[in-house]
Amino acid sequence: MTRPRRRRPTLVLRGVAKTYGAGETAVRALRGIDLVVERGDFLAVMGASGSGKSTLMNVIGCLDVPTAGRYLLEGIDVSQLDDLELAFIRNRKIGFVFQTYNLVPRTSALRNAELPLVYARVPKHERRQRAVEALEAVGVADRMHHLPSELSGGQQQRVAIARAIVTNPAIVLADEPTGNLDSASGAEVMQIFSRLNAAGRTIVMITHEHDIAEHAKRVIHLVDGRIESDHRTAALDALPPKLAAAEVPRAELA
Ligand SMILES: Nc1ncnc2c1ncn2[C@@H]1O[C@H](COP(=O)(O)OP(=O)(O)OP(=O)(O)O)[C@@H](O)[C@H]1O
Ligand SMILES: [Mg+2]
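Residues numbered from 1 in each chain as written. Chains lettered and ligands numbered in written order. Predicted model: local features only at pLDDT ≥ 70, side-chain atom pairs only at ≥ 80, totals over all residues.

Peer 1: When you look at the overall build of the protein in this model, what are you seeing that I'm missing?
Peer 2: If you tally the helices and strands in the protein, you get eight helices and 10 strands. Taken over the C-alpha trace, the protein has a radius of gyration of 18 Å; the compact-globule value for 254 residues is 18 Å, and the two agree within 12%. Overall size of the protein, expressed as C-alpha extent along the three principal axes, is 50 × 45 × 40 Å. Counting every position in the protein, which comprises 254 residues, the buried fraction comes to 41%. If you take every contact in the protein between residues at least 6 apart in sequence, the share linking residues at least 24 apart comes to 70%. (Helix = DSSP H or I, 4+ residues; strand = E, 2+ residues; numbered from the N terminus. Rg over C-alpha atoms; globule rule 2.2 N^0.38 Å. Buried ≥ 20, exposed ≤ 12 C-beta atoms within 10 Å, placed from the backbone. Contact = placed C-beta atoms within 7 Å.)

Set out below in structure tokens:
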């Protein structure tokens, strides 16, 4: 009997641990994380301050290496890579969105969105086109010639999301993406994440807020560096819950 071939998961973490420092002052930020994230999922990571959320994010984003365990990103064993290879993986496979947007000041929205493609040595014409498309996808193309200082917080975060998706990464990682936004702008940003996920993008998002986590299809809770609970709230191939609730026709989501 032939079984249907399963697609390779985007992320596989097995017994991932991260300890900062050594001896009596050692901090065990992650204490054995087992986590598989399938392609197309939308995962929210919750947990109290100090529970290890950002540490987990840094490991997943290849910004930091675990002290024990294995981590595979699209089947690649990240622990085997040197710094140059890690930088390459970060550029090509991961899109980062931070609480504070982290846009380059005195540089237009368009240029900000284009930046990862500059590092990836994509030719100028193609770069431009893809950056414009990414800005269109998040609804800020009309502001592309403005500087970050001329944009609202919500618009800046949209530009940051455009920058995160412009390389067509395997995963978008967001650490408290709505943390600095008022609730209306936060809701708009969450709708953008939901639409990106509906279009097939894999998203891992850290949040403190339950109403933000409700946009995801699966929610895990960290306690003291361990996964304490793991709940699925929408099927992997379903629309993210809030979009489904808004009954947006699938045809509009492309
Ligand atoms: N570079 C570091 N050196 C030493 N300890 C660290 C370092 N980074 C984090 N820690 C410790 O690891 C633990 C987990 O930190 P982490 O930043 O992952 O928590 P968090 O869940 O993101 O918290 P918050 O919600 O406040 O952002 C904490 O005890 C923290 O003090
Ligand atoms: Mg944190």
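Peer 1: Looking at this structure, I do not really get the environment of Asp41. What am I missing?
Peer 2: Among the secondary structure elements, Asp41 is positioned in the loop between β2 (27-37) and β3 (42-47). Measuring from C-alpha to C-alpha, the distance between Asp41 and Arg28 comes to 28 Å, with 13 residues separating the pair along the chain. Not counting residues within four places of it along the chain, the set of residues in contact with Asp41 comprises Thr202, Lys217, Arg218 and Leu236.

Peer 1: What exactly am I supposed to notice about the site of ligand 1 here?
Peer 2: By nearness alone, every residue bordering ligand 1 is listed as Tyr20, Gly21, Val27, Ala29, Gly47, Ser49, Gly50, Ser51, Gly52, Lys53, Ser54 and Thr55. Of all the secondary structure elements, the ones that give two or more residues to the shell around ligand 1 are β2 and α1 (53-60). With three residues, the single largest contributor to the shell around ligand 1 is α1. Grouping the constituent residues of the shell around ligand 1 by class yields three nonpolar, eight polar and one charged. (Near = placed C-beta within 6 Å. Nonpolar A, V, L, I, M, F, W, Y, C, P; charged D, E, K, R; others polar.)

Peer 1: Help me out: how do you make sense of the sheet that holds β2 in this one?
Peer 2: Note: strands within a sheet are paired through backbone hydrogen bonds, in either parallel or antiparallel orientation. Taken together, the four strands give an open sheet; going across it, the order is β2-β1-β4-β5, and neighbouring strands pair in antiparallel fashion. This sheet does not close on itself; its edge strands, each paired only once, are β2 and β5 (76-77). (Pairing = 2+ DSSP bridges.)

Peer 1: How should I be thinking about the nonpolar core in this particular structure?
Peer 2: As a rule of thumb, nonpolar side chains are buried together in soluble globular proteins. Counting 61 residues, the largest nonpolar core has Val45 and Ala162 as the members making the most contacts within it. Broken down by element, this core gets its largest block of residues, six residues, from helix α5 (residues 153-165). (Core = buried A, V, L, I, M, F, W, Y, C linked by C-beta atoms within 7 Å.)

Peer 1: It is not clear to me how the pairing of strand β4 (residues 68-73) should be interpreted in this structure. Could you clarify?
Peer 2: Working note: regular strand, side chains alternate between the two faces of the sheet. Bridge analysis of strand β1 (residues 11-20) against β4 gives five bridges, and the strand direction is antiparallel. Paired with Ala17 across the strands is Ala68, a residue of β4. Where β4 and β5 come together, two bridges link them in antiparallel fashion. When the sheet's bridge partners are listed, Leu73 is paired in β5 with Ile76. The antiparallel hairpin formed by β4 and β5 contains two residues in its connecting segment, where Glu74 sits at a positive phi of about 45 degrees.

Peer 1: Honestly, the sheet that holds strand β10 (residues 226-232) in this entry has me stumped. Any pointers?
Peer 2: If you walk across this open sheet you meet the six strands as β6-β7-β8-β3-β9-β10, and the pairing is mixed. The sheet is open, and its two edges are formed by β6 (94-98) and β10, each paired on a single side. Averaged over all pairs of adjacent strands, the angle between their axes in this sheet comes to 15 degrees, without regard to strand direction. Note that β3 and strand β8 (residues 203-206) share four bridges and pair parallel. Directly across from Val45, in β8, lies its bridge partner Ile206. In this fold α5 packs onto β6 and β7 (171-175), with an angle of close to 165 degrees to the strand it touches most, β6. (Axes fitted to C-alpha atoms, helices over the stretch in contact; angles between N-to-C directions.)

Peer 1: Looking at this model, I keep getting lost on α1. Mind explaining?
Peer 2: The periodicity of an α-helix, 3.6 residues per turn, causes residues three or four positions apart to be oriented the same way. Here α1 lies mainly inside the structure; six of its eight residues are buried. What α1 keeps buried is the set Lys53, Thr55, Leu56, Met57, Val59 and Ile60. Two residues or fewer after α1 comes Cys62, characterised by a positive phi angle close to 60 degrees.

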